[in-house]
Amino acid sequence: MKVIEVLIEYSIQSLNRPFSYIYSGNKKIDEGFRVLINFHNKNIVGYVVKVRDTNKNKQEIEDELGFNIEEIIDVLDESPLLNKDLLELSEKVSNYYLAPKISVLQSMLPPSLSPRRGALKAPKIAYNQYVKVIDNNEEGLTAKQIELLRMLSREERVLKREIKSASVLDKLIEAKRVVIEKEEKRRLEIPNYSYQKPPRLTDEQQKVVEEFTNSNDLVYLLEGVTGSGKTEVYLYLSEQVLKQGKDVLMLVPEISLTPVMVEYFLRRFKDNVAILHSELTPAEKYDEYRKIANGDCHIVVGARSAIFAPLKNIGLIILDEEHVESYKQDVSPFYHAREVGIMRGKMHNAKVLLASATPSLESRARAQKGIYHFLNLPHRVNAQPLPKTTVINLSDYHNLDRESYMFSLRLREELHNVLKRKEQAILLINRRGFSSSVSCRKCGHVFKCPTCNIALTYHKSDLMLKCHHCDYVEKYPEVCPECGSPYLMKTGFGTERIEEEVNRLFPEARTLRLDSDSAKIRAKIPQIIEKFRNKEADILIGTQMIAKGHDFPDVTLVGIVLADIGLSMPSYRSNERAFQLITQAVGRSGRSDKKGQAIIQTYIPSHYAITLSARQDYELFYRKEMEMRKVQSYPPFTFLASVTLASKDEEDAIEGIYEVVDFLNENLDEDTVILGPTTPYIPYEGNKFVRTALIKYRDKAFVHAALEKLLTYFRNKTQYSITINIDPYNF
Ligand code: ADP
Ligand code: ZN
Ligand code: ZN
C-alpha cells in the first residue's frame, strides 16, 4: 500500500496544500503523475507531490493520520508531466507570485496534459499510418494482390487511408508482405516557406551582436527604433546559439498579430521550429509540446505561456516587444513572462534579450542602473527617416471638418491623397464597436452590464450590446425598457463607426477592420493582415491590435483618430501605455522606400505623452515619466502588490478586506504604504463582490514574507477567496 499526497485541481488559496490518499493498485505511480480522485463526492484530478510506501493497512493509516482516507480511483500518467528543471521553475514561480501551486502547473502545461478534469477529454497523440513493403515475394498471391504489392513497392511511403482497396491490403498484411507503420502526426499545418539567405548585418546590428556575444551579463535590453532590424539580430543570435547545440526561446506578444515573426524563423530554421500560442487548437498544442519535449525542435516561437516550453538546454531567451502588457497573465497565477524568463535564464545559464522600440519603464530603469546590459539600435535599416508627424488639436475649430465630426480637415485631405496615389492608410481608434454607450433620449436610462455595472457598447455589425469587461451580450433593444420610448441615443465612437464614416466619405475606398471582435473566429486575424498586405484593401481600421509589429510596405499614412482614449484611464501606467501605442502606431508608416506620415488627433495636444510620441522621442519621455513616477512613488521606484478579497456576500467582502488591512498594518513597517481598502472600478468578479488593498513597498523579501503569513492566516476563512497579484497593472 502507498500513501499518496496530491494537490487538487481547484486553484484557490484555501485548498493550496497536499491532500492524502492511498493507492493499492498495481500501476506505476510517482511524483508528477496525475491521478483521478474523489474529493467531496466529486471525481477530480490530482497531481502527485509525494509517494510513501507503508506496511500499514487502511485502518492503521487512518488511525495514525486522524482522518478518513480514500483510495485513488485511477492513475492517469505513465511518466511525470514535468522534467526536473520545469518542476524547479514551477516552485520558483509559485513562490515569487504567491500563487497556488496547482495554478502554476495548469498554466505551464497544454490542455491535454494539464492537471484538471478537462484534460481527460482533451486530444491524445494522433498517428499517421504508413504501409511499408517487407517482402516482395509474389508466390501464392492473387493478381489483384500482386498489382497492389507492385504499386506499393514503387512508392516510398503510402498513407494507409489513401489506399482504396482496403480488403486487398488486409490480405497483404495477413500474408506478411506489408506492415503498417505508425508515426506521430503533427496536426499544426506549417506553411512550406523557402529558405531565405540572411542579409549582411548592418554596422549597427554587427556592433550589437558583438557586444551581446562578448559579454557575460545575463539580461540585456535592446532599445531599437521601429524598423531598425531587431528581428535580424534575433535570427543571427539564434543561429549562433543553435550552432553551440543549445535551444532558443523566442517570445512574441501575440502570434496571430505578428505572423511575420513565425515566417522569418520558419524560413531560416525550417522544421527546427515549434510554435506555441493561444490560437492553436488543443490538439495542435499537444503535438507541438511533445515535439519540443522529445527534442525534435530546438527553437520555440510562442506567446506568453511558451516561456514554459519544455526545451532542455536553453541558450537564449528573447522577448520581442518586451513592453507589451499581454506578457503579464491577468488571471492567477499573475506571472510576467519577463520575470519568469529571467528565472529560467538563471537556471540554464542562458542569456535573456529583452527588446522594444519603447521599453517598459521598469526595464529601461534597470538598464540605466546597470542591472540589464543596455544595447541600442538608434537608426532604421534603410536609413528612411521616421514618419513626419502632425498633431491636430481637435479643440480648435479651424481644424474641424463640417461634414465629419470624426475626421479633421487635414486627416481627410491626407486620406484622399493616399487613395489617389494608390497607397495604403491605417486608422487607429482604441475602442471597438460602434458607439461607446447607448441611452434613452426621453428618460436618460443608460444601458449597463448587469454584472459589471459599466455602459454597454453598441456593435452594429451584429446588432448587439456588449460589455467590454466581461463577455455579457444582449440584443440591441427596439425601445427603452424603462419608459418604452423608441428614441435611443448612441454616444462616442469606435472602430465600426469609423469604418462607416470612411465608407461614407470615400465610397470608392476598400476597407478592412481589425479588432478583438475579429479574434472570435480562429485564423481570422492573420487573414485580415494578409489581405491588407496583399493590397486587397486601401484602409485598415482597428484598435491597438494594428499597431503591433506589422510590416506593411505600402502604408504611408497612419491616422490616430482620438489619441486621448487611454490617457483618461485611472492607472499609473496610462501615460506609458498611450506613449507606446502612439509610437508603435506611427512607426507603421513609411517602412519601405516610400515616405510616410502620421496624423494624431487629440483634445490635449500639449500632453507630453502625445508631443513626445509624435516626435518618437522615447528617451525624453522616459526621463519625464520617471520624474512623475518618482513624485508619486510608483514603479519602478517602488514595488506593488494587490490583495483582492472576494465573497458572495458584500458585507463579508468589506469586513474581510478590513481584516487584511489590519493584518498588514501589524505585520509591515512604516516604509510600506498600504492604500485602501478600495472598491475596484469593476466591483464584481463572477458572482462575487470584490474589494482590494494595494501595497507599495521597497523591500521585496520582507513584504513577501508578510504576504505569505497573510495567506496562512486566511487559509481557514473559507467564506472569502483571497488573491494576491505581485506587480499588478490594474487595480
Ligand atoms: P524592427 O523589428 O526593428 O522594427 P525589422 O526587423 O522588421 O525591424 O527590420 C526592418 C526591415 O529591414 C525589414 O524589412 C528587414 O527585412 C530589413 N532588414 C533588417 N536587417 C537588414 C539587413 N542587415 N540588411 C538588409 N535589410 C535588413
Ligand atoms: Zn427611457
Ligand atoms: Zn460585464
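Above this text you will find the structure in question.
The paragraphs below set out a description of the structure included in this document.

Cut-offs applied
Residues numbered from 1 in each chain as written. Chains lettered and ligands numbered in written order. Predicted model: local features only at pLDDT ≥ 70, side-chain atom pairs only at ≥ 80, totals over all residues. Heavy atoms only, no water. Salt bridge = Lys/Arg side-chain N within 4 Å of Asp/Glu carboxyl O. Helix = DSSP H or I, 4+ residues; strand = E, 2+ residues; numbered from the N terminus. Buried < 20%, exposed > 50% of the residue type's maximum accessible area, 1.4 Å probe, protein only. Contact = heavy atoms within 4.5 Å. Phe/Tyr/Trp six-rings, centres within 6.5 Å; stacked < 30°, edge-to-face > 60°. Lys NZ or Arg CZ within 6 Å of the ring centre and 35° of its normal.

What follows concerns the pattern of salt bridges. As enumerated under the stated definition, the model contains 46 salt bridges in all. Of the charged contacts, one joins Arg 117 and Glu 9 as a salt bridge, the two residues approaching to 3.3 Å between their closest N and O atoms. Residue Arg 117 is found in the loop between helix H3 (101-108) and strand E7 (127-133), and its partner Glu 9 is found in the loop between strand E1 (2-8) and strand E2 (19-23); the two are separated by 108 residues along the sequence. A network of salt bridges, in which partner residues are shared, links Glu 325, Glu 362, Arg 573, Glu 576, Arg 577, Glu 625 and Arg 629.

In terms of burial, helix H11 (residues 361-368) is largely enclosed, as six of its eight residues are buried. For H11, every residue scored as buried is listed here: Leu 361, Glu 362, Ser 363, Arg 364, Ala 365 and Ala 367. Those residues of H11 that are buried are in contact with strand E10 (219-224), helix H10 (337-348), strand E15 (351-356), strand E16 (373-377), helix H15 (574-586) and helix H17 (618-632). Two residues or fewer past H11, Gly 370 is found with a positive phi of approximately 85°.

Summed over all chains, the structure comprises 20 aromatic pairs. Considering the side-chain rings of Tyr 96 and Tyr 97, the 4.6 Å spacing of their centres and the 75° angle between planes classify their relative orientation as edge-to-face. Taking the relative accessible area as the measure of exposure, Tyr 97 reaches 1% and is therefore buried. Here a set of aromatic residues connected by ring pairs shows up, and it is made of Phe 579, Tyr 608, Tyr 618, Phe 621 and Tyr 622. Taking the ring centre of Tyr 130 as reference, the NZ or CZ of Arg 157 above it sits at 3.7 Å. Lying over the aromatic face of Tyr 729, Arg 573 brings its terminal NZ or CZ to 3.8 Å of the ring centre.

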